[in-house]
Amino acid sequence: MLRRWALVGWAAAALAAASALTLAAPGAGDDPEPGIRALIRFTARLSLGLFLVVFAASSWQKLAPSRPSRWAVQNRRHLGLAMALSQLVHAMAILMLANLDPARFRRGLGLGTVGGLTTYLLMMLMVVTSFDGPTRWLGRKRWRILHSAGMYMLALTFLDPYGVRTARGVGLAVLPTVLLLGVRALRLAARRGRAKVIARSS
Ligand code: HEM
């Protein structure tokens, strides 16, 4: 199974291939917008898949330990870095889209953009503090607060478009919505289990 930096390498290769395929597709020279939008969706979905594994890893290992759950825990830092890379391409594709028609893009900005930018800021801080030196400098407690806030902000940023579409009855959006809420339920179940163990031992 792929591990650590090999995971990041494969994610980088998939992102490079997707970027080349969507941006150099026939007709992309005349109208690049569909290709850029496809790249935005691809990077959002790749990021979501990686995020779900990272978000679920420790609770999954606690509640149903297995080889895949151990793999997820051991590789979650690199899976997170691969997700950040995918989000970097998401941001680059958004800038390309904005550049096609800046006035139209500005009109489409709203509260969701503030949420997206906050998530990007937290994600950058999480990436920097994924390495030993900055982690030591930050301290264990602050590291936990930052990474926990970042993970929940990421979950909300993913839930926003899919939750809205699910509420409007857009069929396929229900799958990511259920997966995101399912992982949240898994984390709650793992936390309840741990609270019971602490109560029993005290
Ligand atoms: C200010 C920052 C952001 C902007 C302006 C932005 C913009 C967009 C746009 C324009 C789309 C629609 C593409 C299309 O269908 O044509 C999109 C889709 C999406 N974005 Fe972002 N985004 C931002 C940040 C983020 C972040 C931080 C995340 C998650 C961590 C995210 C997750 C998504 C998801 C889940 C979709 C839906 C993809 C699908 O259709 O399956 N976005 N974004």
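Predicted model only: the values in this text are computed from it and were never measured.

## Examining the overall build of the chain
Then, in step 1: Looking only at helices and strands, the chain features eight helices and zero strands.
Then, in step 2: Along the longest, intermediate and shortest principal axes, the C-alpha atoms of the chain span 70 × 40 × 30 Å.
Then, in step 3: Per-residue burial for the chain yields a buried fraction of 23% across its 202 residues.

## Observations regarding the environment of Gly-116
Then, in step 1: Residue placement: Gly-116 occurs in helix 5 (residues 111-128).
Then, in step 2: What makes Gly-116 partly exposed here is the crowd of 18 C-beta atoms within 10 Å.
Then, in step 3: With 26 residues separating them along the chain, Gly-116 and Arg-142 place their C-alpha atoms 22 Å apart.

## Here's the deal with the site of the ligand
Then, in step 1: Within the structure, the ligand sits among 19 residues, and Arg-37, Ile-40, Ala-44, Gly-116 and Thr-119 are positioned closest to it.
Then, in step 2: For the shell around the ligand, the secondary structure elements donating two or more residues are helix 2 (33-63), helix 3 (67-100), helix 5 and helix 7 (140-167).
Then, in step 3: No other element matches the seven residues that helix 2 contributes to the shell around the ligand.

## Overview of the confidence of the model for the chain
Close inspection of predicted coordinates is inappropriate in any region flagged by low pLDDT.
Then, in step 1: With 100% of its residues at a pLDDT of 70 or more, the chain has an overall mean of 93.
Then, in step 2: Per-element confidence in the chain is highest for helix 3, whose mean pLDDT is 97, and lowest for helix 8 (residues 174-201), whose mean pLDDT is 88.

## Looking at the environment of Ala-167
Then, in step 1: For Ala-167, the location among the structural elements is in helix 7.
Then, in step 2: C-alpha of Ala-167 to C-alpha of Gln-87: the two residues are 80 residues apart in sequence and 25 Å apart in space.

## Quick word on helix 2
Then, in step 1: An ideal rise of 1.5 Å per residue puts 45 Å on 31 residues; helix 2 measures up with 44 Å between its terminal C-alpha atoms.
Then, in step 2: When the local axis directions of helix 2 are compared, the greatest deviation, roughly 50°, occurs at Ala-57.

## Some remarks on the nonpolar core
Then, in step 1: Membership of the largest hydrophobic core comes to 31 residues, with the highest contact counts inside it found for Leu-50, Phe-51, Val-53, Val-54, Ala-56 and Ala-82.
Then, in step 2: Secondary-structure elements contributing two or more residues to this core are helix 1 (4-23), helix 2, helix 3, helix 5, helix 7 and helix 8.
Then, in step 3: It is helix 2 that provides the largest number of residues to this core, a total of 13 residues.
Then, in step 4: Leaving out residues up to four positions away in the same chain, Val-53 has contacts with Ala-72 and Leu-79.

## Things to note about helix 3
Then, in step 1: Helix length check: helix 3, at 34 residues, gives a terminal C-alpha distance of 47 Å against a target of 50 Å (1.5 Å per residue), a fit within 8%.
Then, in step 2: At Asn-75, helix 3 shows its largest bend, some 65°.

## Side note on the packing of helix 5 against helix 7
Then, in step 1: Packing of helix 5 against helix 7 brings their axes to within 9 Å, and their N-to-C directions diverge by 145°. Viewed along their axes, helix 5 and helix 7 form a crossing whose handedness is left-handed. Of helix 7, the residues touching helix 5 (which contributes Gly-112, Gly-115, Gly-116, Thr-118, Thr-119, Leu-122, Met-123, Leu-125 and Met-126) are Leu-146, His-147, Ala-149, Gly-150, Met-153, Leu-154, Thr-157 and Asp-160.
Then, in step 2: Taken together, the residues that form the contact of helix 5 with helix 7 break down as eight nonpolar, eight polar and one charged.

## A closer look at unusual backbone geometry
Then, in step 1: With phi around 40°, Arg-4 is a residue other than glycine that occupies positive phi space.
Then, in step 2: Note on placement: Arg-4 falls in helix 1.
Then, in step 3: C-beta crowding within 10 Å serves as the criterion here: with 13 such atoms nearby, Arg-4 is assigned to the partly exposed category.

So, how was this worked out
- Residues numbered from 1 in each chain as written.
- Predicted model: local features only at pLDDT ≥ 70, side-chain atom pairs only at ≥ 80, totals over all residues.
- Helix = DSSP H or I, 4+ residues; strand = E, 2+ residues; numbered from the N terminus.
- Buried ≥ 20, exposed ≤ 12 C-beta atoms within 10 Å, placed from the backbone.
- Near = placed C-beta within 6 Å.
- pLDDT = per-residue confidence, 0-100.
- Expected span 1.5 Å × (residues − 1).
- Bend = angle between axes of the 7 residues up to and from the residue.
- Core = buried A, V, L, I, M, F, W, Y, C linked by C-beta atoms within 7 Å.
- Contact = placed C-beta atoms within 7 Å.
- Axes fitted to C-alpha atoms, helices over the stretch in contact; angles between N-to-C directions.
- Left-handed = near helix turned anticlockwise from the far one by under 90°.
- Nonpolar A, V, L, I, M, F, W, Y, C, P; charged D, E, K, R; others polar.

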